[in-house]
Amino acid sequence: MRGKASSLVRAVPLIFLWSAAVSAADGVPGVSSSSIVFGQSAAFSGSSGDLGKGLRIGIEAAFNEVNMNGGVHGRNIHLVYHDDRLEPDRAIVNTRRLIGKDRVFAIIGSLGTATSISAAPVAETAGVPYVAPLTGADFLREGDLPNVINLRASFSQEIEAVVELLVDELGIENIAVLYQDDALGRNGYNGARNALAVRQMELVASGVYPRSTIAIKSAFYDLRKAKPEAIILVGSYKPVARFIQWGRFLEFEPVFATISVAGNNSLAREIGDAGEGVYATQVVPDYLSETLPVARRYRAALDSLWAGSQYEFLSFEGYLTGRMAIYAIEKCGPDVDRECFREALLFSDEIDIDGFKLRFGEGDNQGSDAVFLTRISAGGSFEFSENFEEAGQ
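A brief look at the structure comes next. (Residues numbered from 1 in each chain as written. Predicted model: local features only at pLDDT ≥ 70, side-chain atom pairs only at ≥ 80, totals over all residues. Heavy atoms only, no water.)

### Some thoughts on the side chain of S154
Line of reasoning, step 1. Along the chain, S154 falls in the loop between strand 5 (148-149) and helix 5 (155-169).
Line of reasoning, step 2. Of the residues examined, S154 reaches a relative accessible area of 6% and is grouped as buried.
Line of reasoning, step 3. If we ignore the near neighbours within four places in the chain, the residues touching S154 are G136, R141 and Q366. (Helix = DSSP H or I, 4+ residues; strand = E, 2+ residues; numbered from the N terminus. Buried < 20%, exposed > 50% of the residue type's maximum accessible area, 1.4 Å probe, protein only. Contact = heavy atoms within 4.5 Å.)

Take a look at the structure:
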């Protein structure tokens with residue numbers, strides 16, 4: 001999977017066991033003559049509740065869109081969901097409940113790196129597809145979990161895009177990293193080090209803060225002492241916003257850049273006026289585009305199910321996730337099962353979702369490599385890179 005060729009050898013026996021688990025099932029869980037049921041465990045409350053809700057809204061909008069047109073091969077698509085508050089233990093409990101009690105066809109749209117790392121093996125053991133988790137973690141792309149099907153680009157690809165901007169476009173030499181102390185943060189930290197090493201550069205400093213907190217004060221002062229020209233921030237939106245707000249208030253203003261897990265609409269709302277000029281990568285295109293067909297369909301689908309909802313990156317990613325699942329169900333035909341669903345995605349030619357293209361392949365369980373560079377403008381809107389007059393201005 002994208003530079004992980006050696007993992008294919010390890011994946012072979014797991015694929016065999018996974019297929020055996022599927023074929024051993026009595027019937028196809030989650031599938032009836034009139035419906036197919038997917039399950040989601042994500043944060044719907046707590047500090048990350050907005051993220052899970054946004055993702056769920058998008059998935060449901062895609063399912064409602066197809067259901068309003070007769071479903072897929074006569075079956076309506078439904079979503080059952082449970083709140084894990086972005087806690088790994090709860091994610092495990094919820095995943096077991098979705099598989100055992102709710103008897104869902106597949107797990108879809110999980111949120112978070114630590115939660116997905118905990119829950120994906122539970123689904124793999126049960127032979128249940130684990131579809132489009134909202135994380136770019138390398139662990140889910142290395143071939144050890146053949147049930148995982150990723151939609152989005154990896155964290156490493158997002159970090160590379162940030163470093164390319166800072167170094168190659170803006171000419172910045174002194175770069176630091178703030179990251180949260182968990183799998184997400186370490187993935188981003190290592191990605192930054194690797195991207196700089198390719199350019200024969202090193203981080204001038206790094207700061208770390210505890211997961212699920214906004215306790216960034218110590219890291220803030222450590223990084224300020226290093227006087228970096230730019231800081232890459234890898235964490236959830238609340239601590240990232242707090243760090244940048246402190247910087248603006250105390251007149252410590254390097255170039256700030258973050259990635260999609262923090263650099264979304266929730267960050268823009270949280271950060272307020274301090275967000276202007278902050279760079280952020282996204283893994284989905286402009287949801288307000290008038291020229292991209294899938295963006296227009298997303299907005300129409302959201303309006304149809306959730307009138308008055310704001311268009312956002314997360315619900316757009318959820319919509320694309322739902323559309324990807326629908327594609328696989330359609331391709332399998334009336335006799336859909338989990339193995340066919342998995343193969344319909346991983347062994348298809350290019351999948352074109354109204355202009356958003358997915359390409360899986362041999363040993364590659366990630367559909368999209370697309371990374372889009374944005375900058376927060378005054379008022380909290382996002383400007384895409386093709387609209388920049390000049391990078392950095």
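On we go.
### Quick look at a nonpolar patch on the surface
Line of reasoning, step 1. Nonpolar side chains collect at one region of the surface, where Y221, F249 and L250 lie side by side and expose about 310 Å² of accessible area between them.
Line of reasoning, step 2. With respect to the helices, strands and loops of the structure, L250 is situated in the loop between helix 8 (237-249) and strand 9 (255-258). (Patch = residues over 30% accessible without salt bridge, like charges linked within 9 Å, V, L, I, M, F, W, Y side chains within 5 Å. Areas by Shrake-Rupley, 256 points an atom, 1.4 Å probe, with all protein chains shown as cover. Salt bridge = Lys/Arg side-chain N within 4 Å of Asp/Glu carboxyl O.)

### Things to note about the packing of aromatic side chains
Line of reasoning, step 1. Per the counting criterion, the structure on display carries 19 aromatic pairs.
Line of reasoning, step 2. Residues F38 and F341 carry aromatic rings whose centres are separated by 6.0 Å and whose planes lie at 55° to one another, so their mutual orientation is tilted. You can see F38 sitting in strand 1 (residues 35-42) and its partner F341 sitting in helix 12 (residues 338-346), a full 303 residues away along the chain.
Line of reasoning, step 3. The exposure class of F38 is buried, given its relative accessible area of 0%.
Line of reasoning, step 4. Its relative accessible area of 0% is what places F341 among the buried residues.
Line of reasoning, step 5. Measuring from centroid to centroid gives 6.4 Å for F372 and F384, while their planes differ by 65°, and the two rings are edge-to-face. Taken together, the residues span a long stretch of sequence, with F372 in strand 13 (residues 372-376) and F384 in strand 14 (residues 382-384) at a distance of 12 residues.
Line of reasoning, step 6. Here the guanidinium or amino end of R56 rests over the ring plane of F44, the centre of that ring lying 5.4 Å away.
Line of reasoning, step 7. A cation sits over an aromatic face here: R56 above Y81, 4.4 Å from the ring centre. (Phe/Tyr/Trp six-rings, centres within 6.5 Å; stacked < 30°, edge-to-face > 60°. Lys NZ or Arg CZ within 6 Å of the ring centre and 35° of its normal.)

### Examining the environment of S206
Line of reasoning, step 1. Within the fold, S206 resides in strand 7 (residues 205-209).
Line of reasoning, step 2. With 14 residues separating them along the chain, S206 and F220 place their C-alpha atoms 9.8 Å apart.
Line of reasoning, step 3. Discounting chain neighbours no more than four positions away, the residues touching S206 are V177, Y179, Y189 and L223.

### Describing the sheet that holds strand 13
Line of reasoning, step 1. The strand order across the open sheet built from seven strands is 7-6-8-9-10-13-14, with neighbouring strands paired in mixed fashion. Both edges of this open sheet fall to strand 7 and strand 14, since each of them pairs with a single strand only. Shown here is a sheet whose adjacent strand axes are inclined to one another by a mean of 25°, direction ignored.
Line of reasoning, step 2. Bridge count for strand 13 against strand 14 is three bridges, and the pairing is antiparallel. If you follow I376 over to strand 14, its bridge partner there is F382. (Pairing = 2+ DSSP bridges. Axes fitted to C-alpha atoms, helices over the stretch in contact; angles between N-to-C directions.)

### So, the pattern of salt bridges
Line of reasoning, step 1. Inspection of every chain in the model, using the stated rule, returns 20 salt bridges.
Line of reasoning, step 2. Note that R56 and E60 form a salt bridge whose closest N and O atoms lie 3.5 Å from each other. Taken together, the residues span about one helical turn, with R56 and E60 both in helix 2 (residues 49-67) at a distance of four residues. Both residues of the pair, R56 and E60, belong to the buried class.
Line of reasoning, step 3. Each of E65, R297, R323 and D354 takes part in a single network of salt bridges with overlapping partners.

### Overview of helix 5
Line of reasoning, step 1. For helix 5, built from 15 residues, the straight-helix expectation of 21 Å at 1.5 Å per residue is met to within 8% by its first-to-last C-alpha distance of 20 Å.
Line of reasoning, step 2. Buried residues of helix 5: F155, E158, I159, V162, V163, L165, L166 and V167, and no others.
Line of reasoning, step 3. Just beyond helix 5, the residue with positive phi is G171, at close to 70°. (Expected span 1.5 Å × (residues − 1).)

### Notes on the packing of helix 7 (residues 217-226) against helix 8
Line of reasoning, step 1. Relative to each other, helix 7 and helix 8 sit at 50°, their axes nearing to 10 Å. One way to sum up the angle between helix 7 and helix 8 is to call them oblique. Both helix 7 and helix 8 take part in a crossing whose hand is right-handed. Here K217, A219, F220, Y221 and L223 of helix 7 come into contact with helix 8, specifically with F243, W246 and G247.
Line of reasoning, step 2. Residues that form the contact of helix 7 with helix 8 fall into these classes: six nonpolar, one polar and one charged. (Parallel < 35°, antiparallel > 145°, perpendicular 65-115°, else oblique. Left-handed = near helix turned anticlockwise from the far one by under 90°. Nonpolar A, V, L, I, M, F, W, Y, C, P; charged D, E, K, R; others polar.)

### Examining the state of the cysteines
Line of reasoning, step 1. Enumeration over the complete set of coordinates arrives at one disulfide.
Line of reasoning, step 2. C332 shares a disulfide with C340; S-S distance 2.2 Å. In this structure the cystine formed by C332 and C340 twists about its S-S bond by roughly -120°; its chirality is therefore left-handed.
Line of reasoning, step 3. Classification of C340 as partly exposed rests on a relative accessible area of 24%. (Disulfide = S-S within 2.5 Å.)

### Things to note about the nonpolar core
Line of reasoning, step 1. One finds F38, I232, M324 and F341 to be the most contacted residues of the largest nonpolar core, which totals 109 residues.
Line of reasoning, step 2. If near-sequence neighbours (up to four positions away) are discounted, F38 is found in contact with F63, I77, H78, L79, V80, V104, F105, A106, I108, A325, I329 and F341.
Line of reasoning, step 3. The next biggest cluster of nonpolar side chains, apart from the first, holds 14 residues, and it includes A91, L98, I99 and V128. (Core = buried A, V, L, I, M, F, W, Y, C linked by side-chain atoms within 4.5 Å.)

### Focus on the sheet that holds strand 1
Line of reasoning, step 1. Strand order in the open sheet formed by five strands is 2-1-3-4-5, with parallel pairing between adjacent strands. Here the strands that pair on one side only, and so sit at the sheet edges, are strand 2 (76-83) and strand 5.
Line of reasoning, step 2. In the sheet, strand 1 pairs with strand 2 via eight bridges, with the strands oriented parallel. Across the sheet, the residue bridging to G39 is V80, located in strand 2.
Line of reasoning, step 3. Sheet contacts for helix 2: strand 1, strand 2 and strand 3 (106-108); angle to strand 2, the most-contacted strand, approximately 165°.

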